[in-house]
Amino acid sequence: MPPTVPVVDAARPEPAHAPADAAAFDLAALPAGFYDDPYPWYHALRRQDPVHRLADGSHLLTRYDDLVAVYRDFKRYCSDKTREFGPKFGATPLYDQHTTSLVFNDPPLHTAVRKRLGDALAPRAVEAMQPGLERLVETLLDDIETRGEFDLVEAFAGAIPIEVIGNFLRVPHAERGPLRGWSLAILGALEPVLSDEQLARGNRAVEEMYAFLQGLIADRRRHPSDEPDDILSRLIRAGAPDDYVLDDFQLIHQCIFLLNAGHETTTNLIANGIVTLLQNPRELERLRAAPALIGSAVEEMLRYESPNQLGNRRTTEEVLIAGLRLPAGSYLHLGIGAANRDPAAFPDPDRFDIGRTPNRHLAFGSGIHTCAGLNVARLEGRIAVAGIFARFPRLRLAGTPVRSHRARFRGWARVPMAVE
Ligand code: HEM
């Protein structure tokens with residue numbers, strides 16, 4: 001196999017803490033300090049080896065332009081995961097979930113599900129959610145005010161998405177308790193390395209969620225609704241434009257994915273964004289002085305600390321990426337977090353700039369699988385971040401935040417905070 005074309009940018013020396021040599025980097029054996037700050041490694045990889053071969057023969061891409069090219073071409077870079085998840089999960093509920101959900105499928109199943117989600121997640125439907133979301137955020141802030149000290153993730157960032165997605169599927173309020181735990185266990189099983197315990201937890205979560213959704217779907221079949229944002233009724237309803245019939249197994253796995261897709265990611269957007277603003281007091285002051293910047297501030301949070309740092313594709317034919325020829329069947333890791341710090345796409349990429357324009361980040365992916373919930377996530381991010389800083393001018397960290405130790409999903413497990 002020919003060597004990768006090295007990319008050297010002499011004008012931008014590597015930061016002092018960057019590893020001198022990225023050759024040994026492997027997602028299956030992450031270097032110390034990676035969870036705290038993965039970006040020096042991503043910069044080094046992008047410069048030295050932008051299509052980096054890992055020990056298992058897969059490749060990690062770190063350049064913005066390469067990711068865009070892969071995302072655009074869904075025929076040559078497919079999303080089907082049966083080949084890698086067979087050995088990873090065996091014949092288990094996790095295998096069923098992660099090979100049936102729309103995100104890990106290509107047309108026609110993908111097209112059929114995407115069409116059914118259609119209008120329910122479109123900008124106009126999402127705008128209608130704003131008053132309800134504002135009320136929810138105010139209620140959570142009331143509770144925080146009475147407590148004084150709180151964990152940002154548990155009391156705020158994690159609580160908002162649960163309610164939003166729970167509303168989409170009309171999950172009764174009293175039954176939302178287990179949703180977050182299920183979501184963390186099922187998406188956690190996508191990490192590059194897994195313990196037996198994590199696998200068992202993930203499988204248990206799919207089983208429990210499956211049983212829960214069977215009940216919810218049976219109930220909705222008895223009481224269907226025409227409300228445009230009732231996603232479950234839309235998914236169940238027959239007669240979609242393509243006439244592709246989703247059987248119960250497929251339907252339930254789409255719902256499991258939907259419930260999960262909007263949880264950890266949006267929690268991370270909100271918590272990452274608030275912590276990043278506190279760590280960049282000048283940008284926080286800028287936002288306080290010009291609250292209308294909240295829209296571009298959220299885009300910058302998505303770029304700077306992308307909640308979903310890694311995606312995957314498999315080549316369906318021989319391809320050429322950055323001068324490297326890869327055969328059909330090659331497995332690719334798309335470094336979203338790395339691409340979003342690529343100096344070729346974002347001047348001064350390690351600077352957090354809430355007014356950055358343009359800001360064509362890849363936090364929501366791109367192409368046919370572009371995040372279907374991006375309007376919802378943006379709205380949640382804007383209302384949550386603007387709301388907490390407006391209510392508490394003296395919001396502060398009350399301890400050291402603890403990272404969630406995930407390579408794929410970048411966020412915090414706990415962020416001790418206080419308000420005065
Ligand atoms: C900040 C929050 C979010 C981030 C960073 C995020 C990120 C992503 C990314 C990168 C993808 C593309 C995956 C790929 O191409 O391989 C994706 C897909 C998806 N996301 Fe999101 N997401 C977020 C929030 C949400 C929310 C709130 C929902 C639901 C309301 C949602 C639903 C979906 C769905 C259904 C897909 C699959 C789309 C498809 O395959 O066509 N996401 N998301």
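Residues numbered from 1 in each chain as written. Predicted model: local features only at pLDDT ≥ 70, side-chain atom pairs only at ≥ 80, totals over all residues. Heavy atoms only, no water.

Digging into the coordination of the iron atom of the ligand
Put simply, the ideal angle at a metal is 109.5 degrees for four donors in tetrahedral geometry and 90 or 180 degrees for six donors in octahedral geometry.
No. 1: Donor atoms from the protein around the iron atom of the ligand number only one, Cys371 (SG), found at 2.3 Å.
No. 2: For Cys371, the location among the structural elements is in the loop between α17 (336–339) and α18 (374–391). (Donors = N, O, S within 2.8 Å, 3.2 Å for Na, K, Ca; no water. Helix = DSSP H or I, 4+ residues; strand = E, 2+ residues; numbered from the N terminus.)

Describing the sheet that holds strand β8 (residues 331–335)
No. 1: Reading across the sheet, the five strands line up as β1-β2-β8-β5-β3 and stay open at both edges, with mixed pairing between neighbours. Looking at which strands have only one partner, the edges of the open sheet turn out to be β1 (51–53) and β3 (77–78).
No. 2: Here β1 runs beside strand β2 (residues 59–61); their pairing, made up of three bridges, is antiparallel. Counted as the bridge partner of Val51 is Leu61 from β2. (Pairing = 2+ DSSP bridges.)

Describing the pairing of strand β5 (residues 310–315)
Every regular strand shows the same layout, with side chains that alternate between the two sheet faces.
No. 1: Of all six residues in β5, six are buried; the element is thus mostly enclosed.
No. 2: Of the two faces of β5, both are covered, the one formed by Leu310, Asn312 and Arg314 as well as the one formed by Gly311, Arg313 and Thr315.
No. 3: In the sheet, β5 pairs with β8 via five bridges, with the strands oriented antiparallel. Across the sheet, the residue bridging to Gly311 is Leu334, located in β8. (Buried < 20%, exposed > 50% of the residue type's maximum accessible area, 1.4 Å probe, protein only.)

Section: the packing of helix α9 (residues 159–168) against α18
No. 1: Contact pair α9 / α18: the axes reach a minimum separation of 11 Å and the direction vectors enclose 140°. With respect to their mutual orientation, α9 and α18 come out oblique. The interaxial crossing formed by α9 with α18 has right-handed handedness. Together, Ile160, Pro161, Val164 and Phe168 of α9 and Val376, Glu380 and Ala384 of α18 make up the contact between the two elements.
No. 2: Residues belonging to the contact of α9 with α18 are distributed by class as follows: six nonpolar, no polar and one charged. (Axes fitted to C-alpha atoms, helices over the stretch in contact; angles between N-to-C directions. Parallel < 35°, antiparallel > 145°, perpendicular 65-115°, else oblique. Left-handed = near helix turned anticlockwise from the far one by under 90°. Contact = heavy atoms within 4.5 Å. Nonpolar A, V, L, I, M, F, W, Y, C, P; charged D, E, K, R; others polar.)

What to know about α18
No. 1: Between its terminal C-alpha atoms α18 stretches 26 Å, which fits the 26 Å expected from 18 residues at 1.5 Å a residue.
No. 2: All of the buried residues along α18 are Leu374, Val376, Ala377, Leu379, Glu380, Gly381, Ile383, Ala384, Val385, Gly387, Ile388 and Phe389. (Expected span 1.5 Å × (residues − 1).)

Here we look at the site of the ligand
No. 1: If you check the shell around the ligand, you find 27 residues, and the closest are His110, Arg114, Arg313, His369 and Cys371.
No. 2: In the model, an oxygen atom of the ligand is placed 2.6 Å from a nitrogen or oxygen of the His110 side chain.
No. 3: Within the side chain of Arg313, one N or O atom sits 2.8 Å away from an oxygen atom of the ligand.
No. 4: Listed by contribution, the elements that provide at least two residues to the shell around the ligand are α5 (109–117), α13 (248–261) and α14 (264–279).
No. 5: For the shell around the ligand, a count of residues per class yields 16 nonpolar, nine polar and two charged. (Near = heavy atom within 4 Å. Polar contact = N/O pair within 3.5 Å; in protein donor to acceptor, adjacent residues only side chain to side chain.)

A look at the nonpolar core
No. 1: Judged by nonpolar contacts, the single largest core of 92 residues is most densely connected at Leu152, Phe156, Ile160, Ile274 and Ile388.
No. 2: Among all residues touching Ile274, those that are not within four sequence positions of it are Leu152, Phe156, Val385, Ile388, Phe389, Leu395 and Met417.
No. 3: Counting residues in each nonpolar core, the second largest holds 19 residues, with Tyr64, Val319, Leu326 and Leu334 among its members. (Core = buried A, V, L, I, M, F, W, Y, C linked by side-chain atoms within 4.5 Å.)

Notes on empty space enclosed by the protein
No. 1: Throughout the structure, instances matching the rule amount to one cavity of 30 Å³ or more.
No. 2: The volume enclosed by the largest cavity comes to roughly 40 Å³.
No. 3: If you go around the largest cavity, the residues you meet are Phe34, Tyr35, Pro38, Gln309, Arg406, Ala407 and Arg410.
No. 4: Looking at the lining of the largest cavity residue by residue, the classes come out as four nonpolar, one polar and two charged. (1 Å grid on protein atoms, 1.4 Å probe; cavity = no way out; pocket = protein on both sides within 12 Å on 5 of 7 lines; lining within 4 Å. Points joined across faces, edges and corners; volume = space filled by probe spheres on them.)

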